[in-house]
Amino acid sequence: MNSTSSETPAAPIPLSRKPPGQGRTHAPSVGKTACIRTFGCQMNVHDSDRMRRMIQDAGYAEVQRYEDADLVILNTCYVRENAVDRVKGHLGELNRLRREGRVKKVALTGCIGAADESRTLQETYNIDLVLGTHNTYELAEFVGLPTMRETYTPELPGTEGEHSAFVTIMTGCNYKCSYCIVPTVRGRMICRPLDGVVAEVEHLVAGGTKYVTLLGQTVDAWRHEGKRFCDLLEAVSEVAPRVWFTTSHPSNMEDRTLRAIGERDTIVKRLHLPVQSGSDRMLKVMHRGYKAERYRRKIGVFREAAPDGTLSTDIIVGHPGETEEDHEQTLKLVEDCEFDSAYIFKFSPRRGTEAADLPGVVSDAVVQRRFLEVLREIEQNAFKRNQRKVGGVEEIFVRHGATESGKAIGETWSGHAVHVDTAAPPGSYVRATIESAGPHVLYASHMN
Ligand code: SAM
Ligand code: SF4
């Protein structure tokens, strides 16, 4: 997970789990075929998993190339402008393939589908079906399945039978961060009942799932019938062999949850807690609802509870009004918190958000410099922290089996990404010695 980039998904995808169905590429001539392309965060990866099951139930074989597909589904992200530009590029290419008679139908789903801009895109690119994140289930009818009636998306079946699975515990977001389009495209928070989540996890575990990631835009804001997120996490940790959660909001993060990460064996010792800025002034402009000191205190609790754990964050550079002094405070917070990784985003104005109309636009050159300064600080810290792991023996969960190079990709209990020399299949555990470390990944060899 130790990646640091401005181009990475909105929240870290745990070692980019291969979606089910990938690799099961079918010949285009056999029956109907569909290709799903996913852009963005884990929520979108998970929504794609659900759509994948619908198309499979409808008799479509999944293919990986547009030119082999009768139906192409673009499941999209709207968080930053460059995400939209990328999708436009794909839509242009799909129009060309459609003119050549190769692709028959195109569906646009996800966050762009929920945005007003989707109407213009539908007309410009002749898109056959546009669905938002709230009505993804309507794809069922489009592909010839009986109409699904649903109150909200999380009750759609998740991934089954894989060694790792996402489980959505809530959708939407009740915050109104100045820069963020998510509340507009994903709506207000809706939490699933605890029993339903636990039953789904039990079902997944019975089917072979070994690693469960609880998903939501602000998972720690989850509450239902008097229960809070920590109650849900503890209940899941009783039935799942390994559980992680993302993404969290500092205002909702309880000390109790941070301590549970350290105490409970089945919870991965890894916390993703987006801070966005180290400046109280900017945090206020962003409407984040906490000050830098409160964030630091929470990190103190986490470090004490899980000294070996990994900590990651999201940071926005160049939000309108950000001064050199604000930036310095972000650098100071990064130094103090010693993050293991971070997703650093250059501010991207989103139409309909408050920040898009704020004065004090920061020039591209300044944004670029600040981005590099934060990146350098994060990487130096991460490198230093990773060096401390060298020589240790770790139990590693294998996520992806060995490639031709003989290296499998796994994760330690502290949440470090590891390249490990082993032929063990995905879903197994191996013990390995950490031999070296870079800023993003550890390198280990299997001990038997
Ligand atoms: N709900 C999570 C939270 O509040 O921390 C994050 C969800 S958001 C989809 C993921 C990240 O994208 C945010 O933490 C923020 O850093 C970044 N982001 C959102 N809107 C942005 C924008 N307009 N420009 C740049 N980065 C943005
Ligand atoms: Fe967006 Fe803020 Fe909600 Fe996160 S908490 S999804 S950044 S509005």
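Residues numbered from 1 in each chain as written. Chains lettered and ligands numbered in written order. Predicted model: local features only at pLDDT ≥ 70, side-chain atom pairs only at ≥ 80, totals over all residues. Heavy atoms only, no water.

**Q** Before we go on, may I ask you to explain the overall build of the chain in this structure?
**A** For the chain, the count of helices and strands is 12 helices and 20 strands. Per-residue burial for the chain yields a buried fraction of 58% across its 448 residues. As displayed, the chain offers around 17900 Å² of accessible surface, 50% of which is attributable to carbon and sulfur atoms. (Helix = DSSP H or I, 4+ residues; strand = E, 2+ residues; numbered from the N terminus. Buried < 20%, exposed > 50% of the residue type's maximum accessible area, 1.4 Å probe, protein only. Areas by Shrake-Rupley, 256 points an atom, 1.4 Å probe, with all protein chains shown as cover.)

**Q** I keep staring at the sheet that holds strand β14 (residues 310-317) and nothing clicks. Help me out?
**A** Backbone hydrogen bonds are what pair the strands of a sheet, in a parallel or an antiparallel way. Strand order across the open sheet formed by 3 strands is β13-β14-β15, with parallel pairing between neighbours. Each end of this open sheet is capped by a strand with a single partner; those strands are β13 (270-272) and β15 (341-346). Adjacent strand axes in the sheet meet at a mean angle of 10° when their direction is disregarded. Inspection of the sheet shows β14 paired to β15 by 6 bridges, in the parallel sense. Directly across from Ile315, in β15, lies its bridge partner Ile344. Relative to β15, helix α12 (residues 364-387) is tilted by about 180°, and along the sheet it contacts β14 and β15. (Pairing = 2+ DSSP bridges. Axes fitted to C-alpha atoms, helices over the stretch in contact; angles between N-to-C directions. Contact = heavy atoms within 4.5 Å.)

**Q** Please clarify how the pattern of salt bridges should be interpreted in this entry.
**A** Charged atoms that come close allow side chains of opposite charge to pair. Within this structure, the stated rule accounts for 35 salt bridges. Here Arg119 makes a salt bridge to Asp116, at a shortest N to O gap of 4.0 Å. Taking the relative accessible area as the measure of exposure, Arg119 reaches 57% and is therefore exposed. Taking relative accessible area as the criterion, Asp116 reaches 58% and is therefore assigned exposed. The residue Glu254 makes a salt bridge to Arg228 at a minimum N-O spacing of 3.3 Å. Separated by 26 residues along the polypeptide, Glu254 in the loop between β12 (243-246) and α8 (255-263) and Arg228 in strand β11 (residues 227-228) bring together distant segments of the chain. Taken together, the salt bridges that share partners define one network made up of Glu322, Glu324, Arg369, Arg370 and Glu373. (Salt bridge = Lys/Arg side-chain N within 4 Å of Asp/Glu carboxyl O.)

**Q** Would you mind showing me how to read the site of ligand 1 here?
**A** Taken together, 18 residues surround ligand 1, and among them Gln217, Pro274, Gln276, Asp314 and Ser348 come closest. A distance of 2.7 Å separates an oxygen atom of ligand 1 from a polar atom in the side chain of Gln276. Between ligand 1 and the protein, one listed contact pairs an oxygen atom with a side-chain N or O atom of Arg288 at 3.0 Å. Taken by itself ligand 1 offers 560 Å² of open surface, and the protein chains cover 96% of this. Taking a 2 Å distance to the grid points as the criterion, the majority of the atoms of ligand 1 fall inside the largest cavity. Of all elements in the fold, only β14 and β15 reach the threshold of two or more residues within the shell around ligand 1. (Near = heavy atom within 4 Å. Polar contact = N/O pair within 3.5 Å; in protein donor to acceptor, adjacent residues only side chain to side chain. 1 Å grid on protein atoms, 1.4 Å probe; cavity = no way out; pocket = protein on both sides within 12 Å on 5 of 7 lines; lining within 4 Å. Sits in = over half its atoms within 2 Å of the grid points.)

**Q** What is the right way to look at the packing of helix α11 (residues 324-337) against α12 in this model?
**A** To describe two helices that pack against each other, one gives the angle between their axes and the distance between the axes. Their axes nearest at 9 Å, the elements α11 and α12 cross at an angle of 15°. One finds that α11 runs roughly parallel with respect to α12. Crossing of α11 against α12: the hand is right-handed. Within the contact between the two elements, α11 uses Glu324, His327, Thr330, Leu331, Val334 and Glu335 and α12 uses Val366, Arg369, Arg370, Glu373, Val374, Glu377, Ile378 and Asn381. Along the lines of polarity and charge, the residues of the contact of α11 with α12 split into 5 nonpolar, 3 polar and 6 charged. (Parallel < 35°, antiparallel > 145°, perpendicular 65-115°, else oblique. Left-handed = near helix turned anticlockwise from the far one by under 90°. Nonpolar A, V, L, I, M, F, W, Y, C, P; charged D, E, K, R; others polar.)

**Q** It is not clear to me how the sheet that holds strand β16 (residues 393-400) should be interpreted in this structure. Could you clarify?
**A** The strand order around the closed barrel formed by 5 strands is β16-β17-β18-β20-β19, and the pairing between neighbours is mixed. Direction aside, neighbouring strands of the sheet carry axes that sit 50° apart on average. Pairing geometry for β16 and strand β17 (residues 407-412), over 4 bridges, is antiparallel. Residue pairing across strands places Ile396 opposite Thr412, the latter belonging to β17.

**Q** Whenever I open this one, the confidence of the model for the chain confuses me. Can you help?
**A** Predicted coordinates in areas of low pLDDT are best not read in detail. Across the chain, the average pLDDT comes to 87, with 90% of residues at 70 or higher. Contacts of residues 1-29 to residues separated by more than four positions or lying in other chains number 110 contacts, the stretch itself having pLDDT below 50. The low-confidence segment residues 150-157 (pLDDT under 50) makes 24 contacts with residues lying over four places distant or belonging to another chain. (pLDDT = per-residue confidence, 0-100.)

**Q** Would you take a moment to explain the side chain of Thr33 for this structure?
**A** Tracing the backbone through its elements, the reader meets Thr33 in strand β1 (residues 33-38). For Thr33, a relative accessible area of 0% corresponds to the buried category. Polar side-chain contacts of Thr33 include one of 2.8 Å to the backbone oxygen of Asp68.

**Q** How do you make sense of helix α1 (residues 42-57) when you look at a structure like this?
**A** The periodicity of an α-helix, 3.6 residues per turn, causes residues three or four places apart in sequence to face the same way. Spanning 16 residues, α1 covers 23 Å between terminal C-alpha atoms, matching the ideal 22 Å at 1.5 Å per step. With 13 of 16 residues buried, α1 lies mostly within the body of the structure. Downstream of α1 by a residue or two, Gly59 has a phi angle that is positive, lying close to 90°. (Expected span 1.5 Å × (residues − 1).)

**Q** I tried to follow the site of ligand 2 on my own but got confused; where do I start?
**A** Taken together, Cys173, Tyr175, Cys177, Tyr179, Cys180, Val182, Pro183, Gln217, Thr218, His249 and Arg288 make up all the residues around ligand 2. Residue classes in the shell around ligand 2 are distributed as 7 nonpolar, 3 polar and 1 charged.

**Q** What should I look at first to understand helix α3 (residues 117-125) in this one?
**A** Buried within α3 we find Glu117, Ser118, Leu121 and Tyr125. Relative to the axis of α3, the buried residues are bounded by an arc of 95° and lie together on one face. Opposite the packed face of α3, turned more than 90 degrees from it, sit the exposed residues Arg119, Thr120 and Glu123. Buried-residue contacts for α3 involve α2 (81-99), β4 (105-110) and β5 (129-130). (Arc of directions from axis to C-beta.)

**Q** I keep staring at the pairing of strand β18 (residues 417-421) and nothing clicks. Help me out?
**A** Each regular strand carries side chains that alternate between the two faces of the sheet. Taken together, the 5 bridges between β17 and β18 define a ladder with antiparallel strand orientation. Note that in β18 the partner of Glu411 across the bridge is Ala417. Counted between consecutive antiparallel strands, the loop separating β17 from β18 contains 4 residues, among which Gly415 sits at a positive phi close to 85°. Pairing of β18 with strand β20 (residues 442-446) involves 4 bridges; the strand directions are parallel. Across the sheet, the residue bridging to His419 is Tyr443, located in β20.

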